[in-house]
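For reference, the chains in residue letters:
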Amino acid sequence: MTPTNVFGSRLGLVAACLFALSFNAQGQAISEGFETVVPAGWTAVNNSTTVGTTTVFQGNDAVFPAQAGTTTSYAGMNYNATTGANTISVWLITPSRTLSNGDAWSFFTRTTTPGATVYPDRMEFRVSTNGTCSPGTGPTSVGDFTTVLTTVNPSLTTTGYPSVWTNFSGALSGLSAGASGCFAFRYYVTDGGPSGSNSDYIGVDTFAYTPNQFAKGDFNADGKPDLVFRSLTNLAQNKVWFMDGVTRTAEAAITPDAASTSWKVRGVDDFDSFATPGAGKDSKNDLVFWNESTGNVEFWLMNGVNRPGSPVALTGGAVLPTNWDLSATGDFNADGKPDLVWRNFTSQKIVIWTMNGTGKIGNIVPNPDQAVDANWIIVAASDYNNDGARDFLWYNFTSGKIVTWYMNSSVVRTAGQFTTPANAGDANWKVVASADYSAAYVPGTPPVGSPDIVWRNETSGNQVVWHLDFNSTRVHGQFTNPAANTPALDWVIVGPR
């Protein structure tokens, strides 16, 4: 058929929509309302068998109005992308982003209201993760976009594509450390075009990409890590300082108290949902307790500083002898789920338990699997050189020196170096936590995102934050505000680490 408007549906109506992006100063978020189609930084490509008269175009409210915003603010693709009866392969590609497990994506799409004859549509939503963003050439090529996140109407049925605006959403998982790439909407229809049995008109609207903003150690959901303390006068009590950088804005008790003084907080991370245990992460920090008398491990699935339900025992792993120290937590196998780091203080051996929520699913033995002598202990696990892989922070309790082991995605040490400076200059200072406390730091400009080191003086109870860059160099040091608890020696920091 010959349409009266090339940007219309198979009924001769017009179609449309495309994306404009906005940048989040705190990350790489994209929030697009599609007021302008093919905005700066985006790419539209037509790889159809033969290129027709359309690629990606502004939405046409004569076909249907936008999901949100002005009536034409959506991106449209239709059957005129090719000629005759051929394969349509039209791409709308976002700007490149660094990608992490847990990053969320969402969009709305629809096709036309069904008429007497339905010409089925299909759209794929893909991601490239290898750092480049080419769809290749030809109608069947996917180029760098080898991962399909979702397909709308994969079998090209007459009822498979929604005819009302419908939301599709999900989160990235299974990414390797340091992944980057682009998202792409691919209008992919075989036997499409003006003479084909398939392809009509689709719209895409309200696209959102939200990087995982979870901050390890953040208990009040302000995006800034806090400090977890254990009482030294009542060992069953724990509390949190809510922090704005190095400044305490408030404090609150962790409730309830531990069941006995043998239970110690040994990890802070998001393991599972407090509301629906077993459902997966909920972007809230949980607590890992280790029993120093029995070796048992349990998880407190938290809602802020409160544990609404009962403790959840670790499953899938044997109870280790008590000479195994639960040293840190972090995602070492890039599945978006935190793992447990164990160190045997008799043999010095290290093993990582890979976790699925509160259940052990495997082991990773790092290379090397121990430090040079028994004076070195693991005090934290984080990404200290910004390569996307978790590293180890070691503290020597005899010399007071600190060493960073830079690990790759296979948990193999690629380099090791002392921090600069290598120690605090006084054996009374002990490393007690590690997270990024630079957000409110004004005098200098350490890179926000680089993990810092928190020290506590065992004699005075004072606490100091070393702001590190991604070369493990201290660019500034600050006392916390206040510098200590009251009384100063009644509480010790136990996380995050």
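Given the structure is predicted, the values throughout are model-derived calculations rather than measurements.

A. Layout of the overall build of the protein. On a plain count of helices and strands, the protein comes out with zero helices and 33 strands. Taken along its principal axes, the extent of the C-alpha atoms in the protein is 85 × 45 × 40 Å. Counting contacts in the protein only where the partners sit at least 6 residues apart, residues at least 24 apart contribute 61% of the total. When the accessible surface of the protein is summed, it comes to about 18,900 Å², and 51% of that surface belongs to carbon and sulfur atoms.

B. The packing of aromatic side chains, seen in detail. Tallying each qualifying case throughout the model produces 27 aromatic pairs. Judged by centre distance (6.1 Å) and plane angle (85°), the ring pair of Trp 42 and Phe 207 falls under edge-to-face. Of the two residues, Trp 42 is situated in the loop between strand S1 (30–32) and strand S2 (43–46) and Phe 207 in strand S13 (residues 201–210); the sequence distance between them amounts to 165 residues. Overall, Phe 207 belongs to the buried group, its relative accessible area being 1%. Members of the aromatic cluster, each reached through a chain of ring pairs, are Trp 42, Trp 105, Phe 107, Phe 125, Phe 168, Phe 183, Phe 185, Phe 207 and Tyr 209. The residue whose ring lies beneath Arg 110 is Phe 64, and the NZ or CZ to ring-centre distance is 4.0 Å. Residue placement shows Arg 474 over the ring face of Trp 466; its charged tip is 4.9 Å from the ring centre.

C. Main features of the nonpolar core. If you look at the biggest cluster of nonpolar residues, it comprises 32 residues, and the most contacted ones within it are Leu 99, Phe 107, Met 123, Phe 183, Phe 185 and Phe 207. Among the secondary structure elements, those contributing two or more residues to this core are strand S4 (75–78), strand S5 (86–93), strand S7 (104–111), strand S8 (123–127), strand S12 (183–192) and S13. The contacts of Phe 107, once residues within four sequence positions are left out, are Met 123, Phe 125, Thr 150, Thr 166, Asn 167, Phe 168, Phe 185, Val 204, Asp 205, Thr 206 and Phe 207. Membership of the second largest hydrophobic core comes to 17 residues, among which are Phe 219, Ala 258, Trp 263 and Val 265.

D. Seen up close, the state of the cysteines. With the rule as written, the count across this model stands at one disulfide. Through a disulfide, Cys 133 is tied to Cys 182; the S-S separation comes to 2.0 Å. The S-S bond linking Cys 133 to Cys 182 shows a torsion near 85°; that makes this disulfide right-handed. Highlighted residues: Cys 133 in the loop between S8 and strand S9 (147–152) and Cys 182 in the loop between strand S11 (180–181) and S12, separated in sequence by 49 residues.

E. Just the sheet that holds strand S21 (residues 324–330), in detail. On the basis of which strands lie adjacent, the open sheet formed by four strands has the order S21-S22-S23-S24 and antiparallel pairing. Because the sheet does not close on itself, it has two edges, and the strands there are S21 and strand S24 (359–364). Along the sheet, successive strands turn relative to each other by an average axial angle of 30°, direction set aside.

F. A look at the side chain of Asn 457. In this fold, Asn 457 is placed in strand S30 (residues 452–457). What makes Asn 457 buried here is its relative accessible area of 6%. Sequence-distant contacts of Asn 457, defined by excluding residues within four places in its chain, comprise Asp 426, Asn 428, Trp 429 and Asn 462.

G. Representation of the pairing of strand S32 (residues 474–479) in the model. Looking at chain direction, strand S31 (residues 463–468) and S32 are connected through five bridges and run antiparallel. Within S32, the residue paired with Leu 468 across the bridge is Arg 474. Counted along the chain from S31 to the antiparallel partner S32, the turn is five residues long, and its residue Ser 472 has a positive phi close to 60°.

H. Representation of the pattern of salt bridges. On inspection of all chains with the given rule, the structure shows nine salt bridges. With a shortest N-O distance of 3.1 Å, Glu 124 and Arg 186 are connected by a salt bridge. Within this pair, whereas Glu 124 is found in strand S8, its partner Arg 186 is found in strand S12, the two being separated by 62 residues in sequence. The closest approach of N and O atoms between Arg 266 and Asp 325, which form a salt bridge, is 2.7 Å. Remark: Asp 325 occurs in strand S21 and Arg 266 occurs in strand S17 (residues 263–269); sequence separation between them is 59 residues. The residues Arg 266 and Asp 325 share a single accessibility class, namely buried. Several salt bridges converge on common partners, so that one network encompasses Glu 124, Arg 126 and Arg 186.

I. Spatial organisation of unusual backbone geometry. Cis geometry is found at the peptide bond from Asn 367 to Pro 368, where omega equals 0°. Positionally, Pro 368 belongs in the loop between S24 and strand S25 (376–382). In this model, Thr 486 is joined to Pro 487 through a cis peptide bond whose omega is -10°. The phi torsion at Asp 191 lies on the positive side, around 50°, for a residue other than glycine. Within the element layout of this structure, Asp 191 appears in strand S12. In the Ramachandran plot, Val 411 falls in the positive-phi region, its phi being about 60° despite a non-glycine side chain. Checked against the element boundaries, Val 411 lands in the loop between strand S27 (402–407) and strand S28 (413–418). Residue class for Val 411 comes out buried when judged on its relative accessible area of 2%.

Cut-off values and rules
- Residues numbered from 1 in each chain as written.
- Predicted model: local features only at pLDDT ≥ 70, side-chain atom pairs only at ≥ 80, totals over all residues.
- Heavy atoms only, no water.
- Helix = DSSP H or I, 4+ residues; strand = E, 2+ residues; numbered from the N terminus.
- Contact = heavy atoms within 4.5 Å.
- Areas by Shrake-Rupley, 256 points an atom, 1.4 Å probe, with all protein chains shown as cover.
- Phe/Tyr/Trp six-rings, centres within 6.5 Å; stacked < 30°, edge-to-face > 60°.
- Buried < 20%, exposed > 50% of the residue type's maximum accessible area, 1.4 Å probe, protein only.
- Lys NZ or Arg CZ within 6 Å of the ring centre and 35° of its normal.
- Core = buried A, V, L, I, M, F, W, Y, C linked by side-chain atoms within 4.5 Å.
- Disulfide = S-S within 2.5 Å.
- Pairing = 2+ DSSP bridges.
- Axes fitted to C-alpha atoms, helices over the stretch in contact; angles between N-to-C directions.
- Salt bridge = Lys/Arg side-chain N within 4 Å of Asp/Glu carboxyl O.

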